[in-house]
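Report on the structure
Chain by chain, the residues:
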Amino acid sequence: MDLRPARPDELPLLPPIERASGEPFRDHGMPEIADDEPMPLSTLARLHVWVAADPRPVAWIAVEPVDGAAHVEQVCVHPDHARRGIGAALLDHVGRWAAARGLTALTLTTFRDIPWNGPYYRRLGFHEVVDPSPGLAAVVAAEAARGLDPATRVCLRRPLPRPDHPRWPVDTSQ
């Protein structure tokens, strides 16, 4: 699997992956999430986006800096390629990119109790943010304005190593 920045000509290939990755929400009584429109191409074009390709993209991650952290706007893995560690590999890849640029953490917002959301990210070393930074609070407010119930959501953070740290990933269990 090749992890690399998305090429501009690949951006139109990403919304179908997002749609497919949203389908499992139907089985959790959340059809509105499965039916939600994918991220617009204009938004993807302004974010930092990487793909996992084999040779075409099968998964992707989009991030932007927010308050000194690399904020993960979206991670999508096509269900045909799920449960193979691709999402975790993309997060680690972006973490190395962010650490090399002096960012201090990965952050994201997700559904608190959906197994492949909150619990999954916790297994990958993310911890709940009790007091969100102003930028992260603005992300939560924008989600609420789009109709996502803040009571079902959680802000998570995973610290990043300094660029000169001798090993990756660092132990984030503490």
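Look up: the structure comes first, before these words.
Below is a short write-up of the structure. Bear in mind that the values here come from a model prediction, so they are computed numbers and not experimental data. (Residues numbered from 1 in each chain as written. Predicted model: local features only at pLDDT ≥ 70, side-chain atom pairs only at ≥ 80, totals over all residues. Heavy atoms only, no water.)

**Structural notes on the pairing of strand S7 (residues 153-159)**
Across the seven residues of S7, five count as buried, placing the element largely inside the fold. Alignment of strand S5 (residues 105-111) against S7, held across seven bridges, turns out to be antiparallel. Along S7, the bridge assignment pairs Phe111 with Arg153. Summarising the sheet, strand S6 (residues 127-128) and S7 pair through two bridges and their orientation is antiparallel. Each residue of the ladder has a partner; that of His127, found in S7, is Arg157. (Buried < 20%, exposed > 50% of the residue type's maximum accessible area, 1.4 Å probe, protein only. Helix = DSSP H or I, 4+ residues; strand = E, 2+ residues; numbered from the N terminus. Pairing = 2+ DSSP bridges.)

**Remarks on the side chain of Thr109**
Assignment of secondary structure puts Thr109 in strand S5. Residue Thr109 is classed as buried on the basis of its relative accessible area of 13%. Among the polar contacts made by the side chain of Thr109, one reaches the side chain of Glu143 at a distance of 2.3 Å. One polar contact links Thr109 to Arg153, side chain to side chain, over a distance of 3.4 Å. Excluding residues that lie within four positions of it along the chain, Thr109 makes contacts with His71, Leu136, Val139, Val140, Glu143, Arg153, Val154 and Cys155. (Polar contact = N/O pair within 3.5 Å; in protein donor to acceptor, adjacent residues only side chain to side chain. Contact = heavy atoms within 4.5 Å.)

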